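# Chains, contacts and geometry: an overview
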Amino acid sequence: MSNLIDFKALPKIELHAHLSGSISRQTLHEVWLQKQSSTTLQDPLVVMPPGKHDYDLKTFFPLFSSYIYNLVNDAPSLRHTTLAVLKDFTADGVVYLELRTTPRVMPDAGITAQDYIQIILDTINEFETSTPLPTLRTNLILSIDRRNSPAQAESVISLLRHFASQPNTNSKVVGLDLCGDPSSPLNSLIPLTPYFLEAKKSLPHLGLTLHFAEAECSGTDEELDLLLSWGPDRLGHVIHLSDEIKNKVRKRRGGSMGLELCLSCNVHAGMVTGGFEGHHFGEWYKVDETIIVLSTDDVGVFGSPLSNEYALVAKHFGLDRTEICKLARKGINAIFGGEEEKERLRRIMWTE
Ligand SMILES: CNc1ncnc2c1ncn2[C@@H]1O[C@H](COP(=O)(O)O)[C@@H](O)[C@H]1O
């Protein structure tokens, strides 16, 4: 049955994509070619050989701090890579994207964290008003890294206030995320707690999504209870949960907690055992009280576009065409974009 589905043509929603991790190697290579005479960095095609996707959590995070952030370090490269990411998602049939990124300064280029976000928003705007009009609509989520200091968390919240202080202003900044290396201990989350609680209280129109139980060490009941106390609207990964926490997740938000599941990332990075068939998608798919949204996480690193994530669940969990369309459409109720966007998606997403 699934061989009758054109997974690329299927209109899809992507809710868990990190901007810097979504840049393809080819795009990074283009940036590198532009900078070749002024950089000591190696060619990205050497640093991240095409076809290599088996980065585990130890080798994955340094890709950003020691390479990608040093290459994409000025306005032209940020604009070029953001535009390429939007084009890549469009070519894969994504019709609604919530891109997330950790605001960062680019000191050598004199770019502040606010400039960083503004450049991304301008690029999205430029893309959406280009001719021919793309079907993709993109909103932005700002990330706080769990390794961030309270001062850094505070500055991300001020950016949220700057870009999205009022509801209904058509702002493209729609949410807040907690990301970062899950091996950083629970102790690092405690000082960040007041900032998340304050954001939830003072910016209630924004969505909150948290990386949740990504690794065994970040899956203790103590940590997950703390994260649930922040009032998340969606959770990312949800791998290492006790039965008690699973029950709490099901009961949250009146039984409509969004779960951003990233199969290829989890399998390639060795975050789950048992391959695709053993992925916890199979378990959560049977739970009606949650909304699963298949997502890519970092398609530039793990190499599996969203169309392939749908093909994988069709193949490994036996979903037929109607079930695939239903799964894709269910995500509409988990987006942080407003009612108007939900209406547009209800019109264009396939029912069967
Ligand atoms: C395995 N999955 C993941 N788990 C946790 N955090 C992740 C992640 N994938 C990416 N990031 C976070 O996103 C940043 C890169 O994108 P931005 O510069 O913000 O656009 C990484 O530095 C990391 O903190």
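Residues numbered from 1 in each chain as written. Predicted model: local features only at pLDDT ≥ 70, side-chain atom pairs only at ≥ 80, totals over all residues.

Cut-off, in case you're wondering: UniProt positions are given in the numbering used here, feature names are shortened, and annotations may be inferred rather than shown by experiment.
An unreviewed UniProt entry lists the protein under the name Adenosine deaminase domain-containing protein, with Podospora fimiseda as the source organism. Note on the protein: under the UniProt heading Sequence similarities (unreviewed entry), the record states "Belongs to the metallo-dependent hydrolases superfamily. Adenosine and AMP deaminases family." Taken from UniProt, the Cofactor (unreviewed entry) comment for the protein reads in full: "Zn(2+)".

### What to know about the overall build of the protein
What counts is decided by this rule: Runs of E in the DSSP output that reach at least two residues are strands. Runs of H or I that reach at least four are helices, and both are numbered from the N terminus. Every radius of gyration here is taken over C-alpha atoms, with the globule rule written as 2.2 Å times N^0.38, N being the number of residues. Neighbour density around each residue's C-beta defines its exposure: 20 or more other C-beta atoms within 10 Å make it buried, 12 or fewer make it exposed, and counts between make it partly exposed, where C-beta atoms are placed from the backbone. Contact criterion: two residues are in contact if their C-beta atoms, reconstructed from the backbone, are within 7 Å.
The number of helices and strands found in the protein is 15 helices and eight strands. For a compact globule of 352 residues, the expected C-alpha radius of gyration is about 20 Å, and the protein comes in at 19 Å, within 12% of that figure. Principal-axis analysis of the C-alpha atoms gives the protein an extent of 55 × 45 × 40 Å. By the burial criterion, 42% of the 352 residues in the protein qualify as buried. In the protein, once contacts between residues fewer than 6 apart in sequence are set aside, the share between residues at least 24 apart is 77%.

### Quick notes on the packing of helix H5 (residues 113–128) against helix H6 (residues 150–164)
What counts, and what does not: Structural elements are reduced to axes, namely lines fitted to C-alpha atoms, with helices fitted over the stretch in contact, and the angle between N-to-C directions of any two is expressed from 0 to 180 degrees. Each angle is binned into one of four classes, with values under 35 degrees roughly parallel, values over 145 roughly antiparallel, values of 65 to 115 roughly perpendicular, and all other values oblique. Two helices cross in a left-handed way if the nearer one is turned anticlockwise from the farther one by less than a right angle. They cross in a right-handed way if the turn is clockwise.
Running from N to C, H5 and H6 point in directions that differ by 45°, and their axes come no closer than 10 Å. Judged by the inter-axis angle, H5 sits oblique to H6. Every pair of crossing elements has a handedness; the one defined by H5 and H6 is right-handed. Residues Ala113, Gln114 and Ile117 of H5 form the contact with H6, whose own contacting residues are Ser155, Leu159, His162 and Phe163.

### What about the site of the ligand?
Our working rule: For each residue, a C-beta position is placed from the backbone atoms; the residue is near a molecule or strand when that point lies within 6 Å of it. Residues are sorted three ways: Asp, Glu, Lys and Arg are charged, Ala, Val, Leu, Ile, Met, Phe, Trp, Tyr, Cys and Pro are nonpolar, and all the rest, Gly among them, are polar.
Surrounding the ligand, one finds 18 residues, the nearest of these being His18, Leu19, Ser20, Thr101 and Thr102. Counting only elements with at least two residues in the shell around the ligand, the list comes to helix H3 (57–71) and strand S3 (137–145). Class assignment of the residues belonging to the shell around the ligand gives a composition of six nonpolar, eight polar and four charged.

### Some words on the sheet that holds strand S5 (residues 207–212)
For clarity, the cut-off: A pair of strands counts as paired when DSSP detects no fewer than two bridges linking them.
Overall, parallel pairing links the eight strands, which are arranged S1-S2-S3-S4-S5-S6-S7-S8 in an open sheet. What marks the edges here is a single partner per strand, and that holds for strand S1 (12–18) and strand S8 (290–294). When the angles between neighbouring strand axes are averaged without regard to direction, this sheet yields 25°. Relative to strand S7 (residues 257–261), strand S6 (residues 234–237) is paired through three bridges, and the arrangement is parallel. Bridge assignment links Leu235 to a residue of S7, and that residue is Leu259.

### Regarding H6
Here is the rule we go by: Take the residue count of a helix, subtract one, and multiply by 1.5 Å to get its expected span. An arc is given here, and it is the one of the directions from the helix axis to the C-beta atoms.
Taking 1.5 Å per residue as the helical rise, H6 with its 15 residues ought to reach 21 Å, and the 21 Å between its terminal C-alpha atoms agrees with that figure. Residues Ala153, Val156, Leu159, Leu160 and Ala164 constitute the buried set of H6. Seen end-on, H6 carries its buried residues on one side only, within an arc spanning 115°. Exposed residues lying more than 90 degrees from the buried face of H6 are Pro150 and Ala151. On its buried side, H6 packs onto H5, S3, strand S4 (173–179) and helix H7 (193–202).

### Brief notes about the nonpolar core
Put simply, the test is: Note on terminology: a nonpolar core is a set of buried residues of type Ala, Val, Leu, Ile, Met, Phe, Trp, Tyr or Cys, with members joined through C-beta atoms within 7 Å.
Counting residues in hydrophobic clusters, the biggest one holds 86 residues, and the most contacted among them are Leu142, Leu160, Leu176 and Tyr310. Apart from the residues lying within four places of it in its own chain, the contact partners of Leu142 are Thr101, Pro103, Val156, Leu159, Leu160, Val173 and Leu176.

### Description of the environment of Ala91
Within the secondary structure, Ala91 is located in helix H4 (residues 75–91). Considering only alpha carbons, one finds Ala91 and Pro134, 43 residues apart in sequence, at a separation of 9.9 Å.

### Remarks on helix H14 (residues 321–330)
An α-helical turn contains 3.6 residues, so a residue and the one three or four places further along point in the same direction. Residues of H14 that are buried include every one of Ile324, Leu327 and Ala328, and no others. Within H14, the buried residues cover an arc of 95° as seen down the axis, which keeps them to one side. Packing partners of the buried residues in H14 comprise S1, S8 and helix H13 (306–317).

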